Amino acid sequence: MDLLNFPAIIVAAVSALVVGFIWYNPKVFGNAWMQAAGMTEEQVKGGNMAKIFGLALLFAFLLAMALPGIVIHQMGAFSLVGGDPSVALPSYEAFMNDYGDAFRTFKHGALHGVIAGVFIALPIIGTNALFERKGAKYIFINSGYWIVTLGVMGAIICGWK
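This one's a predicted model, so the numbers in the text were calculated from it and none came from an experiment.

Rules and cut-offs
Residues numbered from 1 in each chain as written. Predicted model: local features only at pLDDT ≥ 70, side-chain atom pairs only at ≥ 80, totals over all residues. Heavy atoms only, no water. 1 Å grid on protein atoms, 1.4 Å probe; cavity = no way out; pocket = protein on both sides within 12 Å on 5 of 7 lines; lining within 4 Å. Points joined across faces, edges and corners; volume = space filled by probe spheres on them. Helix = DSSP H or I, 4+ residues; strand = E, 2+ residues; numbered from the N terminus. Nonpolar A, V, L, I, M, F, W, Y, C, P; charged D, E, K, R; others polar. Core = buried A, V, L, I, M, F, W, Y, C linked by side-chain atoms within 4.5 Å. Buried < 20%, exposed > 50% of the residue type's maximum accessible area, 1.4 Å probe, protein only. Contact = heavy atoms within 4.5 Å. Expected span 1.5 Å × (residues − 1). Polar contact = N/O pair within 3.5 Å; in protein donor to acceptor, adjacent residues only side chain to side chain. Axes fitted to C-alpha atoms, helices over the stretch in contact; angles between N-to-C directions. Parallel < 35°, antiparallel > 145°, perpendicular 65-115°, else oblique. Left-handed = near helix turned anticlockwise from the far one by under 90°. Phe/Tyr/Trp six-rings, centres within 6.5 Å; stacked < 30°, edge-to-face > 60°. Lys NZ or Arg CZ within 6 Å of the ring centre and 35° of its normal.

Peer 1: Can you help me understand the layout of surface pockets in this one?
Peer 2: Considering only enclosed or pocket space, the largest pocket measures out at about 1400 Å³ in volume. As for the largest pocket, its lining consists of 41 residues, of which Tyr 24, Trp 33, Asn 142, Tyr 145 and Trp 146 are closest to the centre. Among the secondary structure elements, those contributing two or more residues to the lining of the largest pocket are α1 (6-23), α2 (26-37), α3 (41-45), α4 (49-66), α8 (106-131) and α9 (136-159). For the lining of the largest pocket, the leading source of residues is α4, giving ten residues. Taken together, the residues that form the lining of the largest pocket break down as 30 nonpolar, seven polar and four charged.

Peer 1: Can you help me understand the nonpolar core in this one?
Peer 2: Taken as a class, soluble globular proteins show a tendency for nonpolar side chains to be buried jointly. Of all hydrophobic cores here, the largest spans 28 residues; its most connected members are Ala 64, Ile 72, Met 153 and Ile 157. Those elements that provide at least two residues to this core are α1, α4, α6 (75-80), α7 (90-99), α8 and α9. With sequence-adjacent residues up to four places away left out, Ile 72 is seen in contact with Leu 3, Arg 104, Ile 157 and Cys 158. Counting residues in hydrophobic clusters, the runner-up holds five residues, among them Ala 36, Ala 37, Ala 129 and Ile 139.

Peer 1: Honestly, α4 in this entry has me stumped. Any pointers?
Peer 2: One full turn of an α-helix is made of 3.6 residues, so residues set three or four places apart face in the same direction. Helix length check: α4 (18 residues) gives 26 Å between terminal C-alpha atoms against 26 Å at 1.5 Å per residue, within 8%. N-capping of α4 is provided by Asn 48, with a side-chain oxygen placed 3.3 Å from the backbone N of Ala 50.

Peer 1: Just checking my understanding: could you explain the packing of α4 against α9 for this structure?
Peer 2: Contact geometry of α4 with α9 gives a least axis separation of 10 Å together with a crossing angle of 55°. Taken together, α4 and α9 sit at an angle that is classed as oblique. Of the two elements, α4 crosses α9, and the hand of that crossing is right-handed. Here Ala 60, Leu 63 and Ala 64 of α4 come into contact with α9, specifically with Trp 146, Met 153 and Ile 157. A class-by-class count of the residues in the contact of α4 with α9 yields six nonpolar, no polar and no charged.

Peer 1: I would appreciate a short explanation of the packing of aromatic side chains in the present structure.
Peer 2: Each pair of aromatic rings is reported with the distance of its centres and the angle of its planes. Within the structure shown, the criterion is met by six aromatic pairs. Between Trp 23 and Phe 29, the ring centres sit 4.6 Å apart and the planes meet at 40°, which makes this aromatic pair tilted. Taking relative accessible area as the criterion, Trp 23 reaches 16% and is therefore assigned buried. For Phe 29, a relative accessible area of 31% gives the class partly exposed. Ring plane angle 40° and centroid distance 5.2 Å describe the contact between Phe 95 and Tyr 99, whose orientation is recorded as tilted. On the criterion of helical spacing, the pair formed by Phe 95 and Tyr 99 is a turn pair, its members being four residues apart in helix α7. On the accessibility criterion, Tyr 99 (45% relative accessible area) is partly exposed. Grouped by ring-pair contacts, the aromatic residues Tyr 24, Trp 33, Tyr 145 and Trp 146 constitute a single cluster. Here the basic side chain of Lys 134 rests over the ring of Tyr 138, its NZ or CZ set 5.6 Å away from the ring centre.

In structure tokens form, the structure reads like this:
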């Protein structure tokens, strides 16, 4: 069984941009985010969009590469054999035969993604926002995006076998 599903990781990375297009749309949270961030429409449209979206995709890919260890329980056993099942003791194969698909669902991956968003993304964004003198609206809009996005990414990575 392959625990690292590269097509799922790529789709999960792209999903971050898709969720962002929806989340930061002016009809959703876009206008509120611009106000909370102190941005104008001219500033938003004035950036180098190829660079911004290219780097955003790269960062999303890095997150997607880190998520299997958070959303797939079997990664713990995989890491204990150094990532090479061919050198593992027979107990590894027995364990994977018994538990290789345990909790490998979209729902469970979404749960762990949301948990990662609440316990990792929210504190990071909140801390940065405090020092940048941003308000609660800024924190909730941006961390809300990451909580939803990590939930979607976790669902894709855990459920797509």
